[in-house]
Amino acid sequence: MATSIVLSSCILFTLLVLLSLTLNFSFVLSSSSSQMVFPLTHSLSTTGFNNTHHFLKSTSVRSTTRFHHHHRHRHNKHRHHSHRQISLPLSPGSDYTLSLSLGSKPTQQISLYMDTGSDLVWFPCAPFDCIMCEGKYDPKVPYIKPLNYNNSADFIPCDSPLCSAVHSSLPSSDICAISNCPLESIEMSECQSFACPSFYYAYADGSFVARLYRDNLSLEPMSSTTTTQQQSLHLKNFTFGCANTALAEPIGVAGFGGGSLSLPAQLATFSPELGNRFSYCLISHSYNFKRIRKPSPLILGRYDDQKEEKTGDGAAVTEFIYTPMLDNPKHPYYYCVGLEAIQIGTTKIDTPVSLKRVNSKGNGGTVVDSGTTFTMLPSVDFEAVANEFGKRVGKMYKRAIETEDRTGLRPCFYYNNKNKSNLRWRVPKMVLHFTGNASVSLPQSNYFFEFNGDEEEEGKTKKRKMRKEKVGCLMLGNAGEEEEGESSGPAAALGNYQQQGFEVVYDLGQRKIGFAKKKCSSLWDNLNS
């Protein structure tokens, strides 16, 4: 009985949030379309990097940190600081940005991290004080500049369900009391003139304080498949966060997660066909910025190539391999799936139940995350995969222990190029087996990275050179041991490095995620031809 009451309350609150969005939100298209295409820019194309070892070490550490934030979901007990934790955006070189425009007359353009692991759109707003942000972005990139936004007329009232949503579903009466709405006004539900108070988000290595506003938001796609004329998506009364203070978080986030304040959720309240399905195709790069000459397509809605066809016996045929999303009422903003096994060569390594299911406490499952770079596995599972991979590859190549220490990746190997008849690495295949008989075979470049091991390293008293040989490393992350009583949230994460060269579709209406092998640069051209 208690469970049904809790579920009914959650459903009622969600309906109130959606109703509030519907009453205050609208959108305009320059022409009608069932889908739209937007460019995602890999931050490597604008930043680059000078030292491969240092870059890989930094990326590995931040992938682990972000996953621990996902997994070890802390709960703040102080009501006036109540907040939901969102995902940790990664540093430039590891992620993808989406260009947006806010306001009108004039509009201000800014680029945000596109993140399927969080459910809020927030911007850095002037005056913007970012503590410990040195070295985390390139100040010469124009989209990093904070927005000049101070429109008090567009604030969200304290009694709005949207305000309650961003404050961890705290009752509006409590929130309005924090906003200094008089008691008699709270009792009479007359606090519309009192703004939603600031909210605080904490990350594993950063945080920010923001306020909730609504304004016009625009996205400018390159074109559409239904017409050669370029289209614009204009969202009126879009709800977003405006941060004036941050710790180690200089760039905002376009949240595409499953929560009510995410970009797809707000769009779906008015246009379900655009908001209830989106996909992206991340161009394969292997950290070579010269390969990122075109943007990766982000697709809102459904296009013709995704339509299922019927065979002679009536069976549906589609190029996508689908696996169902796992329901998680406690953490609804995560897109989790069940990872049944990981295959290395001919050896199939079964995963524990925690990677396949979400339990009653909201723990478990594998989150599909555009913001995490490397796929993260619990220590036991990582060791099983790494040992099997190392055993097979170690028969042909020598371990590069020094490279492992410098990059945080393992196993790594030296490549002996003396055998001219074998100019390619010989490594076993890797296949991810998901729930629903969905098996995804990864290209070698998605899990094994080759680079030169002859980079110079500065020491305190001398400069030394690494061995002048090619090195290759397994590109998976060890999430570490799970401590008893600490677990909460996903048990593993599928990172964007392993998603390269696939169109990954999030079908929110049918609650499933699909994978299709694609040449993403060609897909971009086809969608914009």
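Everything discussed here concerns the structure shown above.
Summary of the structure given here. Note that the structure is a prediction, hence the values are computed from the model and not measured.

Quick look at the overall build of the protein
Then comes step 1: Check the secondary structure of the protein and you find 12 helices and 31 strands.
Then comes step 2: A burial count over the protein gives 55% of its 529 residues as buried.
Then comes step 3: By sequence separation, contacts in the protein at least 24 residues apart represent 74% of the contacts at least 6 residues apart.

Some points on the pattern of salt bridges
Then comes step 1: All told, the structure shown has 12 salt bridges when counted by the stated rule.
Then comes step 2: A salt bridge links Glu319 to Lys518; the shortest N-O distance between them is 3.8 Å. Placement of the pair is Glu319 in the loop between strand 13 (316–317) and strand 14 (321–324) and Lys518 in the loop between strand 31 (512–517) and helix 12 (520–527), with a sequence separation of 199 residues.
Then comes step 3: A salt bridge links Glu404 to Arg399; the nearest nitrogen and oxygen atoms lie 2.8 Å apart.
Then comes step 4: Classification of Glu404 as buried rests on a relative accessible area of 10%.

Section: helix 12
Then comes step 1: The complete set of buried residues in helix 12 reads Cys520, Ser521, Leu523, Trp524 and Leu527. Projected down its long axis, helix 12 carries its buried residues within an arc of 160 degrees, all on one side.
Then comes step 2: Packed against the buried residues of helix 12 are strand 2 (35–42), strand 10 (277–281), strand 11 (296–301) and strand 30 (502–507).

Structural notes on the state of the cysteines
Then comes step 1: All chains considered together, the criterion is met by seven disulfides.
Then comes step 2: Between Cys130 and Cys133 runs a disulfide, and the two sulfur atoms are separated by 1.7 Å.
Then comes step 3: What pairs with Cys181 in a disulfide is Cys191, and their sulfur atoms sit 2.0 Å apart. Judged by the torsion about the S-S bond (-80 degrees), the Cys181/Cys191 disulfide is left-handed. Of the two residues, Cys181 is situated in the loop between helix 5 (172–178) and helix 6 (183–187) and Cys191 in the loop between helix 6 and strand 6 (199–202); the sequence distance between them amounts to 10 residues. Residues Cys181 and Cys191 agree in their burial class; the two are buried.

A word on the side chain of Ser279
Then comes step 1: For Ser279, the position within the fold is in strand 10.
Then comes step 2: Given the relative accessible area of 0%, Ser279 is considered buried.
Then comes step 3: A polar contact of 2.7 Å, which involves the side chain of Ser279, links it to the side chain of Glu503.

What counts as what
- Here, residues in each chain are numbered from 1, in the same order as that chain's written sequence.
- In keeping with the model being predicted, local features are shown solely for residues with a pLDDT of at least 70 and side-chain atom pairs are shown and tallied solely at 80 or more, while totals for entire chains, interfaces and linings include all residues.
- Derived side-chain values reflect all non-hydrogen atoms in the structure, with water molecules and hydrogen atoms excluded from consideration.
- Helical segments are the DSSP runs of H or I of at least four residues, strand segments are the runs of E of at least two, and each set is numbered from the N terminus.
- For each residue, the accessible area found with a 1.4 Å probe, counting protein chains only, is set against the maximum for its type, and the residue is called buried under 20%, exposed over 50%, and partly exposed in between.
- Residue contacts follow a heavy-atom distance rule, with two residues in contact if any of their heavy atoms lie within 4.5 Å.
- By definition, a salt bridge exists where a carboxyl oxygen of Asp or Glu is found within 4 Å of a side-chain nitrogen of Lys or Arg.
- Think of the arc as the fan of directions from the helix axis to the C-beta atoms.
- Throughout, disulfides are identified as pairs of cysteine sulfur atoms within 2.5 Å of each other.
- For this analysis, a polar contact is any N or O atom pair within 3.5 Å, provided that within protein one partner can donate a hydrogen and the other can accept it, and provided that sequence-adjacent residues contribute only side-chain to side-chain pairs.

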